[in-house]
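# Breakdown of the fold
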Amino acid sequence: MTRQHIGAITLVVRDYDEAKAWYTGVLGFEPVADTPLGDGKRWLLVAPPGGQGPSLLLAQAATPEQESRIGDQTGGRVALFLHTDDFWRDHRAMTARGVVFRETPREESYATVAVFEDLYGNLWDLLQPKAG
């Protein structure tokens with residue numbers, strides 16, 4: 001039987017240290033790896049606390065084309081979905097640390113959810129899925 005899982009998702013960023021500081025300090029993610037690769041490149045992985053799901057590979061833009069994608073890697077759609085076991089705890093903590101929410105939290109049939117943006121403007125959903 002084949003077993004696979006997504007280990008990491010790349011997010012193009014402007015600067016390694018700036019991105020690492022925001023994702024760990026503001027969003028509360030944990031550093032997973034920060035390995036120099038030579039020529040100024042790094043293997044920089046961060047992940048939400050709890051260790052479930054893929055990590056984010058924070059990849060510093062190396063070309064003008066990559067730079068043009070920073071903050072809009074999905075054409076204005078929500079790019080990433082951050083699941084939580086306590087929406088209101090995390091919403092309050094993130095707001096206190098300066099995370100910008102684009103909307104008032106709402107109750108949907110599938111979750112309590114609100115869209116927020118990261119330091120580059122990428123859109124995320126913070127959501128607490130409903131049981132069942």
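- You'll find the chain entered in an unreviewed UniProt entry as Catechol 2,3-dioxygenase-like lactoylglutathione lyase family enzyme, with Inquilinus ginsengisoli given as the organism.

### Quick look at the packing of aromatic side chains
- Tallied over the entire structure, the rule returns seven aromatic pairs.
- Where tyrosine 23 meets tryptophan 124, the ring centres are 6.2 Å apart and the plane angle is 40°; that geometry is what we call tilted. Here tyrosine 23 is found in helix α1 (residues 16-26), whereas its partner tryptophan 124 is found in strand β9 (residues 123-129), with 101 residues between them in sequence.
- For the pair phenylalanine 29 and tryptophan 124, a centre-to-centre distance of 6.0 Å together with 75° between the ring planes defines the contact as edge-to-face. Placement of the pair is phenylalanine 29 in the loop between α1 and β2 (30-38) and tryptophan 124 in strand β9, with a sequence separation of 95 residues. The pair formed by phenylalanine 29 and tryptophan 124 is uniform in burial state, with each residue classed as buried.
- Through a chain of ring-to-ring contacts, the aromatic side chains of Trp22, Tyr23, Phe29, Phe101, Phe116 and Trp124 assemble into a single cluster.

### Looking at the sheet that holds strand β4 (residues 55-60)
- Taken in spatial order, the four strands of this open sheet run β1-β4-β3-β2, and their pairing is mixed. Edge positions in the sheet fall to β1 (8-13) and β2, since each has one partner strand and no second. Pairwise comparison of adjacent strand axes, ignoring direction, gives a mean angle of 25° for this sheet.
- Note that β2 and strand β3 (residues 41-47) share seven bridges and pair antiparallel. From the neighbouring strand, aspartate 34 faces β3, where its bridge partner is leucine 44.
- Sheet strands in contact with α1 are β1, β2, β3 and β4, and its direction is about 10° off that of β3.

Definitions and limits used
Residues numbered from 1 in each chain as written. Predicted model: local features only at pLDDT ≥ 70, side-chain atom pairs only at ≥ 80, totals over all residues. Heavy atoms only, no water. Phe/Tyr/Trp six-rings, centres within 6.5 Å; stacked < 30°, edge-to-face > 60°. Helix = DSSP H or I, 4+ residues; strand = E, 2+ residues; numbered from the N terminus. Buried < 20%, exposed > 50% of the residue type's maximum accessible area, 1.4 Å probe, protein only. Pairing = 2+ DSSP bridges. Axes fitted to C-alpha atoms, helices over the stretch in contact; angles between N-to-C directions. Contact = heavy atoms within 4.5 Å.

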